[in-house]
Amino acid sequence: MSFLQQNKSYVRSHSRFPRPLLIVFVLVVAIILFNHLTFGGISRILHSIGVPVWKSQAGVFNVFQSVSLSIQDKKSLLAENERLRGEIVRLELASLGNLVIRKENEYFRQILNRDGSPELVVAAILARPNRTLYDTFIVDVGRRDGVVQDALVFGIGGVTIGSVDEVFAHTSRISLYSTPGRKTEVLLGDAGTELVSVEAVGRGGGDFEMHIPRGIEVFEGHAVYSSSLGGSIFGVIEEIITIPSDPFQTILFSSPINIQSLHVVSIELQ
Amino acid sequence: MIYRIFFTILFFLSTFIFPWYATVCFALLLLAVAPGYEIIMGGLILDFTYGTIVPDFFTSPFSFTIFFTLMFIVSYILKKHLVFYQDDKR
């Protein structure tokens, strides 16, 4: 074979689009279509495979945590214990101040015939939001436990953190309100002022931002409330960014609870 | 071959166990030792298990599938130009 013929066949064989990749693409499209036609059949299979893996991982993690606690310095554990006791006392005192407000809230609910707290189911988190960039997590309750799509999900202290995105037989996928780009209606205001409805946009990992006119007075540390009736705390303002030439101000706030440290959540049963 | 099997198992396990950046690292290792078609399947697994519509990610619930496909295509093009991969076995 001459040099030119060899070169042509070399270029031809190495510039051709690999056939296996075409096969993979066709397979991917077929799998996506199959999942769509079976109403999430493949997702259901993956979740049933994932449940024992996630539970084993949680078990192994607990073992490592117990071992690390047993070898931790006793002094540091005592110091941590003392600090947490002080924190509990401080929070109890703060809670007493809210007791009056809670009683008043219950009274108004009765008048408006909106009495009755929603029924909740406690769910353990199997896979945390840091698993992917989607800001979703998997819990161990599903259709058989009465969970429905779009049900509200609460963290510690009744803080609304997201909603049920998809329900499977024994698991559910929860989408956080802080999913990048997700828009949520919230209430902004303080004691003695009128609450203003604002749209908050998620930035991921429990963080949000909103753009409001500079005329609305806000301060760092103020609470942001959920727009649902009985509105729980949605977030706490952390930073206010103003530019002299901009008639709007950017408010950065985050959820008061650390999503990554959550072990259980409550899901509203409708 | 043994490396390919080892990294493939690690990669698919990491989709359930490890954070996404560990999965991306295993995908890169797999691409280094093999053609790496498996990473596209791994992207599908991530999307079917955890995926939801994310407005900031082109509103697609298949962001990882698209990302790993692009990774594969880039690695394919790079390998064509690298002397290290001018070998029929790879």
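Scroll up a little and you will see the structure.
(A) Representation of the overall build of chain A. What chain A contains, in helices and strands, is four helices and twelve strands. Among the 270 residues that make up chain A, the fraction classed as buried is 24%. If you take every contact in chain A between residues at least 6 apart in sequence, the share linking residues at least 24 apart comes to 54%.

(B) Quick look at the overall build of chain B. Helix and strand counts for chain B come out as four helices and zero strands. Dimensions of chain B, computed from C-alpha atoms along their principal axes, come out at roughly 40 × 25 × 15 Å. For chain B, with 90 residues in total, the buried portion stands at 39%. The long-range fraction of contacts in chain B, counting pairs at least 24 apart against all pairs at least 6 apart in sequence, stands at 44%.

(C) Region of the structure containing unusual backbone geometry. Residues and elements named next belong to chain A. The phi angle at Asp135 is positive, at roughly 60 degrees, despite the residue not being glycine. Mapped onto the elements, Asp135 comes out in the loop between strand E1 (120–127) and strand E2 (136–139). Overall, the presence of 26 C-beta atoms within 10 Å leaves Asp135 in the buried class.

(D) Layout of the sheet that holds strand E6 (residues 183–188) of chain A. Residues and elements named next belong to chain A. Around the barrel, which closes on itself, the six strands sit in the order E6-E7-E8-E11-E10-E9 with antiparallel pairing between neighbours. Neighbour-to-neighbour, the strand axes of the sheet open up by a mean angle of 45 degrees, direction not taken into account. Both E6 and strand E7 (residues 196–204) contribute to a ladder of six bridges, which runs antiparallel. Looking at the pairing, Val186 lines up with Val198 of E7.

Cut-offs and rules
Residues numbered from 1 in each chain as written. Chains lettered and ligands numbered in written order. Predicted model: local features only at pLDDT ≥ 70, side-chain atom pairs only at ≥ 80, totals over all residues. Helix = DSSP H or I, 4+ residues; strand = E, 2+ residues; numbered from the N terminus. Buried ≥ 20, exposed ≤ 12 C-beta atoms within 10 Å, placed from the backbone. Contact = placed C-beta atoms within 7 Å. Pairing = 2+ DSSP bridges. Axes fitted to C-alpha atoms, helices over the stretch in contact; angles between N-to-C directions.

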